[in-house]
Each structure stands twice: as structure tokens, then as C-alpha cells.
6 protein chains.
Amino acid sequence: MTMDKSVFLEDMDAFAYREVLASGDAIVLIPVGSLEQHGSHLPLGTDTILSSRFAEAVATRLGALVAQPIAYGYKSQQKSGGGNHLSGTTSLDGASLIGVARNLVKSFLNQGVRHVVFINGHFENYQFLYEGIDLALEDLGIGSGAQQSVLLLSYWDFVSQDTLALVYPDGFPGWDIEHGGVLETSLMLHLEPARVALDRLVDGPAAMLPRFDRLPVVPERTPATGCLSSAAGSSANKGILLYEQVVEDLAQDLAAELTRKPAGVPA
Amino acid sequence: MTMDKSVFLEDMDAFAYREVLASGDAIVLIPVGSLEQHGSHLPLGTDTILSSRFAEAVATRLGALVAQPIAYGYKSQQKSGGGNHLSGTTSLDGASLIGVARNLVKSFLNQGVRHVVFINGHFENYQFLYEGIDLALEDLGIGSGAQQSVLLLSYWDFVSQDTLALVYPDGFPGWDIEHGGVLETSLMLHLEPARVALDRLVDGPAAMLPRFDRLPVVPERTPATGCLSSAAGSSANKGILLYEQVVEDLAQDLAAELTRKPAGVPA
Amino acid sequence: MTMDKSVFLEDMDAFAYREVLASGDAIVLIPVGSLEQHGSHLPLGTDTILSSRFAEAVATRLGALVAQPIAYGYKSQQKSGGGNHLSGTTSLDGASLIGVARNLVKSFLNQGVRHVVFINGHFENYQFLYEGIDLALEDLGIGSGAQQSVLLLSYWDFVSQDTLALVYPDGFPGWDIEHGGVLETSLMLHLEPARVALDRLVDGPAAMLPRFDRLPVVPERTPATGCLSSAAGSSANKGILLYEQVVEDLAQDLAAELTRKPAGVPA
Amino acid sequence: MTMDKSVFLEDMDAFAYREVLASGDAIVLIPVGSLEQHGSHLPLGTDTILSSRFAEAVATRLGALVAQPIAYGYKSQQKSGGGNHLSGTTSLDGASLIGVARNLVKSFLNQGVRHVVFINGHFENYQFLYEGIDLALEDLGIGSGAQQSVLLLSYWDFVSQDTLALVYPDGFPGWDIEHGGVLETSLMLHLEPARVALDRLVDGPAAMLPRFDRLPVVPERTPATGCLSSAAGSSANKGILLYEQVVEDLAQDLAAELTRKPAGVPA
Amino acid sequence: MTMDKSVFLEDMDAFAYREVLASGDAIVLIPVGSLEQHGSHLPLGTDTILSSRFAEAVATRLGALVAQPIAYGYKSQQKSGGGNHLSGTTSLDGASLIGVARNLVKSFLNQGVRHVVFINGHFENYQFLYEGIDLALEDLGIGSGAQQSVLLLSYWDFVSQDTLALVYPDGFPGWDIEHGGVLETSLMLHLEPARVALDRLVDGPAAMLPRFDRLPVVPERTPATGCLSSAAGSSANKGILLYEQVVEDLAQDLAAELTRKPAGVPA
Amino acid sequence: MTMDKSVFLEDMDAFAYREVLASGDAIVLIPVGSLEQHGSHLPLGTDTILSSRFAEAVATRLGALVAQPIAYGYKSQQKSGGGNHLSGTTSLDGASLIGVARNLVKSFLNQGVRHVVFINGHFENYQFLYEGIDLALEDLGIGSGAQQSVLLLSYWDFVSQDTLALVYPDGFPGWDIEHGGVLETSLMLHLEPARVALDRLVDGPAAMLPRFDRLPVVPERTPATGCLSSAAGSSANKGILLYEQVVEDLAQDLAAELTRKPAGVPA
């Protein structure tokens, strides 16, 4: 394998990259994660790792490129990530995340990239990425009907009902408290087993959080584990299931939207 | 009724207001809405009207005050409000909404208000309000354990499963496409019937939107009605049901959180 | 009366609004006020109430529309509003007010509105509104000669010398200390008598403030009433006089500027 | 005369300056002007020159220091300076001017300066300087009762009624159209005669501008001279009168406010 | 090797990380790079790769931790990186990079990290990182004498004169045109040989750039290779020399400054 | 000499300035300095004074104009200016300096100036000026190939090797510690001898600063003099040498770049 066969922009040289741009239909995927506590059994980089792995798989199937991840995310909120007060959680404010997304969109589209796709892996990021994209398109004067586009998605929105039923045989507790729970743990067990410490997993009931956000947070409302639902029942097999179904759907949807033919799953 | 019995800050004079502050436990509710197209049967101010009405009802029960609403919201997104390209939709960018929320929190807490509660009625606002609150508390040096607090909620998060089952006998289509649909229309029929033009309502299938956001938007993906799900089946009776249950739950939860005794429902 | 005959955008549905836009010469008036102490006899919302009432009257005569007011204004300054340290005064910083004005101008002009007119009722707002307008036009690339325009005015700049002489028979004390004084009180007595507590009015000499601004303020320099000049001598009759003359002049000037024929005063 | 006797910070060395700071009651005056067209007879730097000269005179009498002027001002507005579209007028936006003022206040107070006084000479600057000062004090945590203060004034607010009557024997046209008129021209004739080209002065009627601001401006509304009122009738004698009265009043007021004894007028 | 022995925060779980924090003297190194064209023989991620590798080596010797890199840098300038107009170069504006650095410093110091060290690998970043650090310390109220500190350095400032003489036997051309030249190429040949395509290296004379910056750039002034000096003469041996000397000096200096004992070079 | 022969914009009237603009090839030079401690023998305004004097000389030779200087610079850094904690040093943050530069570029280019040249005299300013210029050109839509340009330079980059050898016969210590040293002192002795207090000069060894920046600074690392290298050995003769060589080179380079013929040195 040679360097310029990598899907990662970090690994490509500028001349090889410009050949891709010359095709006129280059797609760049940008994984977005966080550096955030994920309990005692998952690493701080979980969200960045997972969004990067999804981006890599989809890029391979679409013939797209993967940019360096945005490795720090918006402040963790208590109801979706335990809260920003927890050590290990290292966050950006809204303006900075908006600024990063805005600059990357402008920079890539100005180079001739046709489609930029943000693959999000940290719940709290979404609206700030959206705003960054919208401001970038206003800066560039790109409106409806343009050949260029920017897509934004969170990978869990591609988990199907069938998969959910298999992964959560006792009923799905809701995306809002899926932080360090069965979904993320299973995916990590499949994709990065060496980075999971299953023996450190602490079981416990799901967090019971109010229907409002309160700031400053009442720290005791976050379980001591830092996880909002138990990861008990996670397995590499569930991870395979989740991963393959999401990659398949993501690749299909992006291919259809961006008029690409997805390649078959690599052997 | 005299002016200073109003729950609305707009109507109070400064001296009457300062008597409330002197109690040390003043609560100010801030409704947040939008000026946004809501189809042919609902007015542009629907989100502001509804959040204001919920705030008024809750304030009456808690002995709280209601500030002027934030009447313009964050950009409408295609998957939750049809999109910001639609005429009638008049929006703020993220920085402005963050700035407004940040200033109001600082201003009220500096005056001696103990709890500020944002009652949100426009889906897209949430994260920007959250950021404004968080920055304000950082500015003020207010951290966990403080006597003061700021709460943030969207009123629909207080609709119970029982209510949902009654309002959507054929199954709830999801909050994401509840824009100009049965919930908002029923509430308006109950609370502001003169502002609803039920004869102009256009029925149609729910919008089928992709699992990603695409910018610039593909305008055709928004139904011509501007509504993401049909309002057919709306009724003032459903509005009463929704309104009373949400007010009850909201008042109970806020009273418990802020150690207030909610008054009985006014006759 | 049906909903779509309202001049208020809040009450119109998107389809009715688009018919107005289709004419090509839609005018939107945006009242701008504040939430600010106005002594013991006027409500906190005085500036927003008055600018909204002027906007409504002018809109009716011009066939224009009225947008939701900007209900929070720039920080009250001691020499024009008593100071921002007074409870009840709830303000925005410059960046936020600039941002709100900038976004509204962009949003309305992008929808096809031809003229946007800010009707200001809070002295301190003016320059920040101006900046917001100027930045919006730069964003949109609209320069001299364009068909579109944005107008900015404070309603008191339309009070004629004749009216002043009648309202202040002992001599006009100057706009700078007209805060909670005869002008605002008389207008409120005419337009919103139920919101004025004339029995709570405290008479007293006009404030004697230095020719400079000092920050932080010396609180004692603001009269205990919070008003910079006495409201004694206010009357609903003076309010009628002020209101009708200003509405007449405003409507005439805007009609001439925007080539509209003002309608006769409604019976 | 030696360098360290200069009132100008630019000319002092750091060690001499620190001796002044050590007294605990150092006052720094900051002139603020603009680079703005002032017709055919006055230089572009008129506002900066005049505010600097007033600052120098007051500093000499108070034993204060004069910082480098803020030589670029906020955008010229048509009703007070002819408009920002005129060549020669070179301006800052609001955020930049706010930022400069905020930084200077913070920097000087952090060094131990006790009072900072902005001497403004360009109408449009005022509110942005005010905002910069207010934000700086918030940053520094300086509130009412502090020993430190920041003052803000425009020098023309210190022109007395008696002086006005002498300078404008036919009646004062109003500060709003005093741009390149008798006041500025007379002051320049007294203070900087070599920089005035009285032979290039073009007489003409005062500008007739509407009571609103319109953007984008209608360029024809600004007289071809760029001046809003005629400078005919200007004289060095009027300049002396204006200058000496304003310096006297300014020095008296600042001395009283900052508890300084003003020195006698230098021979 | 187990996960929690990694020096990379991305790989640690929150509980293991908190044990490090509990020691009171945790050091976090943040590599900063860019995604920038580096000619035809080096990958776009060169700056990020090199700063990360230096951070890793130093962290190992100091018992410090390495945070996720800031993988996008400030705009490439023609005189130091060929210019921001070149495809492959994907950059942040100043405000965004300042914001990211500011947030990371605040986040880490708030968690209890004692020293944060930015290891820069992209020339253009330096001043914006500095500003971000300075603003963060102002936000946190951390001044001289505090136990906490933030250090900022570019790794090439630790290349000794002796090393330079060995690496550039014909004389060092200057850091300003060391972009894709012998230093970066040799380091990459040593550290990441699979990511270097030495066969694609194009030799050529060093760029002759003016002593000023011109914007917009004159594109022809950047050599077609994108490199400002030739990489001819690069070797893995020179890379070893550079790498080991810099790591040694960096570790020694940081250990002395932060009162750590550097460990011996790992076998 | 008459006013309109001045090269200083401050002294020109708008009508004379417009005649220059009408030529189509107007060049405006903007000096940029600081208000910063420069030891006991040089005034706080040294950087602004020197950049202004270079600008004036170059303008005279090129037939260009000189705008008012940016008299406050970015925060002094310990390794290049002793540090921002030293009294006398009065600085802007990055955003403000970026904003000022951005506005000036936009304002001048919009007026029809063809080339704007920033002549920098304070090391720390450079990157923030660069960013302001780049953002302005983006705002204006000016890209490569345009007739307009903006140049940025620090005057010391034009000191030749020959001059250095003459000025520093014992070897040049490096630009990084040339703060209040032989270069600046000699230039001031030549250009502004009355503003130099050579008798107050304190000799001492050059500062030994680490290869990293540390914040907050360790104040003791800055020599008590505030100068980073000794000014001993300064002379007016060295100042003449430096000044004349730099003016010559600057004028030649700018003339060549902007296709101007430099005039001979004035007698």
C-alpha cells in the first residue's frame, strides 16, 4: 500500500490530493467528536474515535476522503453527557466550535471540494456545527441550487429500529441517556477492544434527570460512573451489528444524495 | 385588577418590582419563541405566543414573574421548522441569540432575581440559549452550590406519554416533525382561536426528510404547506388537554426544584 | 375583522404575508424599546409600549406591517435613563443589540421586504441600531441607489416646536432628561391609562447631572424617583396632542420618503 | 524644557511615568477624534487635532497626562458628519472602537492610573466609547464606590450659552449640523491657523436633512461642500473665546470631580 | 501494555486521568500543527505529525500527558508556508485559533492540570496561540506568582547551533523558508518513513521572496513545488540527529522550568 | 509650504485628497507602533515615532500619503518587549488590532486608494495586522490578480547585512532582543534627539530568556531596565546609517513593487 491510497487527508501529499480535486466531485468527510469522560471503562476520546471510524468506513465505500477530526466538542451537558464539570471533559465554547466548522467549510469549498460531510459523534455539537456551516455558505454566497453542498449528521440517527430492537432487547432507553452505555461500549468493543476496560465497568441504574436543564449543574444528579445508562449487556457482537448496519445505511444514503455508487463491503 | 398585580414585568413599575426582589426568592420566566412560518393556518408568532402563554400560566401558579419574550429565534432548520429560506421566517444567528440570553441572565441575576427560567417554544433555540446561560454564569462567577440558578426547558418535553396517546390516537409521529401540526394547532385553537384559520388548513402527508441536514437546503423537500406533519385532527379539546397537563407538570416540577408551593389551578 | 387584516406580523400567517411581499413594496416597521425603570408611576415596558403604539398607528396609515418589537434595549445611561444599576432596568450590551438589528434587516430584506423602518423609543439604542443596519447592508451588498432602504428614527425627533410649546408651557427642559417625565407620562395616559399609576407619581426637581458621563456611576446622582424630570403637569390631553402630531408627521415623512400615500386618520 | 516635563505619554519614559503613577492619583486623558472630511477648508484630522488640543490644555492645568489619541472614529453619519461614503472619511466599525476603548481603560487602570478621561471630538464616537468603558469596568470588577473612575465627554458639551450667543449672533443652528461650521473653523483658526485654508471655504445654506437616518444614504442630501452648516463668520477671535471658555469649564469640572486643584491659566 | 499507561489523553479513561490530576502536578502537552501542503513528498499533516511526535517523546520523559492535537492551523503565509491559496492548505482564521487555545487552557486548568504546554509545529500559529493563552489566564484571574503556568514553544527553536551546522553543512538558509525543506523532510524520514515519498521530491532553488508580505498574494512567487527551500540532502540520519537533540533539550528545559526530573532516554 | 503639500492625511483637506485619488494610483502608508516601555532613556512612543518617521521619508520619495499611525499595539511579550505587565506598556488585544487594521484597509480601498502599506515598528503586531488585512480583502472580494494590494512589513527587515555589521561591530545579538537597544536608540538619537535621555541609559548584559514563552510571566526575567539588550554603543551616526539605508531600500522595493519611480533623496 502506498501513502496516496490512504483515505486520510493527513497522509496525502498535496499533489495527489489535487488530482482528486481535479475530478470535480471530491467529497471530504470531517469526523467530529469530543474529549469527554465516558465512565471508567471507555477512553476520553470515544466520540472522536467512533466518528472517525465511521467516517473511514464510509469514505472507503464512497471513494471519499477523511479530514482530521475536530477532536474537541461543545461543552458536555448533564442530560446528554454527564456535564461539563467532570474532569476529563475538555470542551470548546459555542463561538469556537462555530468558528472551526465555518473555516473548514470555507477552506474546503474554496479548494474545489464539492461536498463536505460532517460525521458527528458528540450530541452537544450539532447546532454549533450547523451554525458554522450556515455562516460559511453565506460567506461564500452559496445558495439553493448550487452544485456544492454540506451535509451534517450524527451517526446514531442511522441506527435502524431493527438494530435497536436487537441491541436493546429490554427496550431502548432513549438516545438522550446513551452516554457510555451499550451503544458506545459495544461499538468500541468491536472497533477498539484494546481501548475498552470492561473489567472496570460499573453497572448501575440509568440516570433519572429532570426534564429541564439546570445551570449551574447539581453535580449529584450525574451518576458517579459518569455514564447515564448502564453499559451492562454490551458486546462486540452488538458492536458489529451496529457498525455494519450504520455504515451500510450511511453509505447508501450519502451515495444516493451525492450521486455516488457505493462500493461493496471490502472483504 | 390593578397594574401591579400583573405577572408581566412589562406592566409592573420599578418600585413594585423591587418589593418582589426584596423577598429574596424572585423567579423570572422568559418565554422564547420565533417569528416563523407555520403554514397557512397558524400565525407567524405561534412559537412566541405559546411559550408566553405557558409562562403566564406557570407564573400565576408559582407566584413568578414573566419577562418580555425573546420574540425572534434561531434560524429555522428544514427538519424541524421547514427551513430558514421560507418567507415569514425571520431569524437570529447563533451569536445574537447567545448574546441576548447571556445579557438577560446577567441582568436579572445582578438585580437580585434568584431563579431565571427560559420557557422555550422553538426547537432550534435550545443549544444557543444553553450557551448564553453558561457564559453568563461564568461571567458572574456562579458555580455549583450557588443559591441562584437558571433553568432551561422546552414546553413539549413536559407532554406526558398519556397525553400523547390521547392527542395522537394513530401514533405520535415524533417531535421532529411537529411543526404546524396537531400539537401546535390544538394549543392555538384552545388558547388563541381568533388567530387560527382552520379553514385555510391544508392536509397532506408528513414530510419525508433525510436523516442528515443538507445546506443549502433543497427547497422541494419542505411540503408546500410549510408544515412537516398534518394538522388534521387538531381540536380545541386536544389543546385543553395538552395545555392543562403541561402547565400542571411544569408548575409541579419547577415548584419542587425551586422550593415553591404551586397554587391550585385558578378557577 | 379577520386575522390577516392585522398589521402585526405576529398575527399574520405566512401565506397572507407572502401576498404582501408579492406587491414589491412591503414596508416593515420594527419598534424598539427597553425594559427599564420609569419611576413609580410608569411600567417597565414604557419605551417598548410607546414605540409599538407609534408603529401601529403609522403602519395603519401607510399600509405597512409591524414586526415584533425589540423589547430589550441598550444599557440605560445615567444622563438619559437614570443608569443601568437600577433594578428593573434589564439591558443588552452593544454587540447583542447590533446583532439583533443586523439579523432582522438581513432577514427581512432577503425575504423581499423593500423598506425596513426602526421606530426607536429608548434613547440609548440609537447608535447600536445604526451600526446593525450598516453592517447588514454591507453584508447584503446594498449601496446607494438601491431600491431597498432602511430608516431609523426616534419618535421624539418628530415632536414639533409648536407641540413642545404647548406641552411644556414653562419651557422645555431638554430631551436628555425626558425620562419618565411629562412626554412619556402624557403619552401613556392617553394610550395606556390602565398602565399608569398617577397616584404613585412623585414630584421633584429635575436631575442636575454633570456634563460628562462617569462610570461606575455615582448612584446618588439619579433622583430617588428614577425620573430625570418631573412628570407633574402630565395629562391625557397632552398625550393626545403629542401622539396625533407625531403620528401625522411621521406618516407624512415616511410616505414622502417611501413614496406612499398616507391614508386619512382612521375615524 | 526636558522631555519628562511633557504632558504627553508618548514623550515620557517609563521610569518618569512610574513616578507619576506612584502618587496614586494619576489622571490620563485620551483624546478621541476621527479622520473625516471637513469640507475644503479644514483638514481631515480636525476632530483629532481639536480633542488633542483641549486635552493638552486641560492636562496642563490639572497636572494630568495625555495619551496618544484614538485617531480614527466611528463611521461618519450623514446627519452629523456628512456620511461615511465621502472620500477622506476613514472609519472604524463599532466593535473595533469599542474594543480599543475597552483595552485602553483596562490597560491604564491595571497600571495604577486612577482616573481615565476620554475627551471626544467626533459626535458619532460617543456611544461606542461608552460601551467600551462599561465593558472594561465589568472585566475589572470595578463598581460603584471604587476609587477609580472613567469619565467620558464631548468638548462641545462644555460650550456655555453665553459663548454660543457670542459665536452665533444670529442664533445657534444646533450641534447636529455643526460639522465644518463656525465652531470647528474658529477653533482651528485660533489653534492651528496654518492648517486652515480659509480661501477655500465655500459658503452655502445649512443642510436640510430629514428627521430620520436613511441607509444606504442618499448622497445628494449632503451639501457638496461636505459641511452641514456654513463656516462663514468664523474667526480666530471666536476660536479664542470658545477655546478659553471650554478649557476653563472643563478644567473646573474635572478638578471638582476628581478632587484636583486646577492651576491658573499659564501665562 | 494496558490502556492507562498511554500518555495520550484520548486513550485514558476519566478515572485513571483523575488519579494523575490528584497528584497536583499534572502536565498536559498540546501539539499544534496544520493541514497544509508540504510539496509533493510530504503529507498534508506534516506539522501535526511532527509536533505530536515531539510531544509524545517529551511526555514520556517527563511523565506528562499528551492531549489531542490542534490539527488545523492559522492561514499559511506565502513567506513561511507558500500561501493560503494552495490546495491542500486548510486553515483557521485568527479568531477561531485564539478561541480554541483559550478554551483548552481554561478547560485544563479548571480541571486541576498544573501546567499546559503548547508544542507548536506550524510557524503561523504562534501569535494566535499566545493570545488565546493570555485571554484564558485573564478569564481565570491567574497572574504572576501563580502555581499554574502555560508554556508555548515551537520545536525548531530548540534546534541547537551544532545541530544546524551538521544538518546544513552548506549553511542554514533560515527558518523562514524551512517549509518542506531539509529539516521537516529529515524528521519525517526518521519518524514516519512510510509517509514520505522521497521519489516524488522535486529539487529546486530556494524561494526568493520579498521582504514584505503582499496580499492578495502573487501566486507565481511560490515555487511550483510548494516548498520554500529544497529538501535535497534530507536523510533519516539527519532526522535522528534533529529529533534526539530537540527532544533532549526540550525535556531538559521543561523539566527545569516545571521542576520535573526527566527520565533517561527509553532504550 | 502650504497645507496640501503635506504627506500627512491628517493635514490634507478632503478636496485635495480626492485629487490624489483621482490619479488612480494613490498609495497610503500606515505606520503602526505601540505605547510601550522602552527603558529609562527612550520614550513610550518610540515604536510609533520610528515607524512614522520611516513612513514619512518613504512617502516623500514615492509621492505617497501617510495616514495617522496606529499608536497602540498588541500586548508586549517578554521575549521581544519585556512583557505586558510593565507600567507604561499600554496595549490592545488581538481582536481589536485585527479590527482596526481590517477597517482601515476596507475604508481606504473603498475610497479608491490603490495600495495600502503598513509600516510596522512593534514586533508583536505583525500577525494581527496580517489577519486584519486578509479579512478585509475577503470582505471586499479582492483576490489574486486584482489591481489593488496591501503590503505589510516591519522596517527592521530592511536593515542590510552590511549595515548590521557596521552597527554591531561585535556581532548582532538578534532581532528578538533588540528592544530599547542599539538600533532603536541610534535611530532616535538621529531622528528625535530631544526625546532621548542618554544620561539615563543603564548599561547591562543582554537578557537571557528561555526558548519558550511562559504565561503568566516570571517578572524577574525581564531586566530591571526594561531593555532586552544594552543600548551602550548607540550613536546618532549609527542612526543615520540605519535610517538612510532602510529608507533607501524600502523606497526602492516599494517603488519596484508598486511601479513607482522613487524620487532622489531630498537635499
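As recorded in an unreviewed UniProt entry, chain A goes by the name Creatininase, listed as coming from Arthrobacter alpinus. Taken verbatim from the UniProt record of chain A, the Sequence similarities (unreviewed entry) comment is "Belongs to the creatininase superfamily."

(A) The arrangement of the side chain of Ser52 of chain D in detail. Checked against the element boundaries, Ser52 of chain D lands in helix H2 (residues 46-62). Residue Ser52 of chain D is classed as buried on the basis of its relative accessible area, which comes to 16%.

(B) Spotlight on the arrangement of the chains. At the C-alpha level, the nearest point of chain C lies 16 Å from chain E, with no contact between them. The two units chain B and chain F are non-contacting; their minimal C-alpha-C-alpha distance is 16 Å.

(C) Spotlight on the pattern of salt bridges. Residues and elements named next belong to chain B. Scanning the model with the defined rule gives 96 salt bridges over all chains in all. We note a salt bridge from Arg102 to Asp139, for which the minimum N-O separation is 2.8 Å. Remark: Asp139 occurs in helix H5 (residues 126-140) and Arg102 occurs in helix H4 (residues 94-111); sequence separation between them is 37 residues. With a relative accessible area of 33%, Asp139 lands in the partly exposed category.

(D) How the structure looks around the relation of the copies chain B and chain C. You can overlay chain B on chain C at an RMSD of 0.0 Å; the transform is a turn of 180° with a shift of 0.0 Å along its axis. On this basis, the relationship between the two copies can be described by a two-fold rotation axis. Residue Ser96 of chain B of chain B places its C-alpha closer to the rotation axis than any other residue of that unit, at 2.7 Å. A high fraction, 100%, of the interface residues of chain B reappear at the interface in chain C, so the copies pair face to face through one surface.

(E) Layout of the interface of chain E and chain A. On the side of chain A, 50 residues touch chain E, which itself brings 50 residues to the contact. Buried area between chain E and chain A, summed over both chains or domains, comes out near 3900 Å², and the portion from carbon and sulfur atoms is 56%. Among the residues of chain E in contact with chain A, Glu10, Tyr72 and Ser87 of chain E are the three that bury the most area, contributing 14% of the side total. Counting across the chain E and chain A interface gives six salt bridges. Between Glu10 of chain A and Arg195 of chain E there is a salt bridge; the shortest N-O distance is 3.3 Å. Where chain E packs against chain A, one counts 28 residue pairs in polar contact (both at pLDDT 80 or more). Taken together, the elements giving at least two residues each to the side of chain E that touches chain A come down to helix H1 (14-22), helix H2 (46-62) and helix H4 (94-111) of chain E. Considering every element that reaches the side of chain E that touches chain A, the biggest residue donor is H4 of chain E, with eight residues.

Conventions we followed
- Residues numbered from 1 in each chain as written.
- Chains lettered and ligands numbered in written order.
- Predicted model: local features only at pLDDT ≥ 70, side-chain atom pairs only at ≥ 80, totals over all residues.
- Heavy atoms only, no water.
- UniProt positions renumbered as here; feature names shortened; annotations may be inferred.
- Helix = DSSP H or I, 4+ residues; strand = E, 2+ residues; numbered from the N terminus.
- Buried < 20%, exposed > 50% of the residue type's maximum accessible area, 1.4 Å probe, protein only.
- Contact = heavy atoms within 4.5 Å.
- Salt bridge = Lys/Arg side-chain N within 4 Å of Asp/Glu carboxyl O.
- Least-squares fit on C-alpha atoms with pLDDT ≥ 70 in both.
- Buried area = accessible area lost by both parts, 1.4 Å probe.
- Polar contact = N/O pair within 3.5 Å; in protein donor to acceptor, adjacent residues only side chain to side chain.

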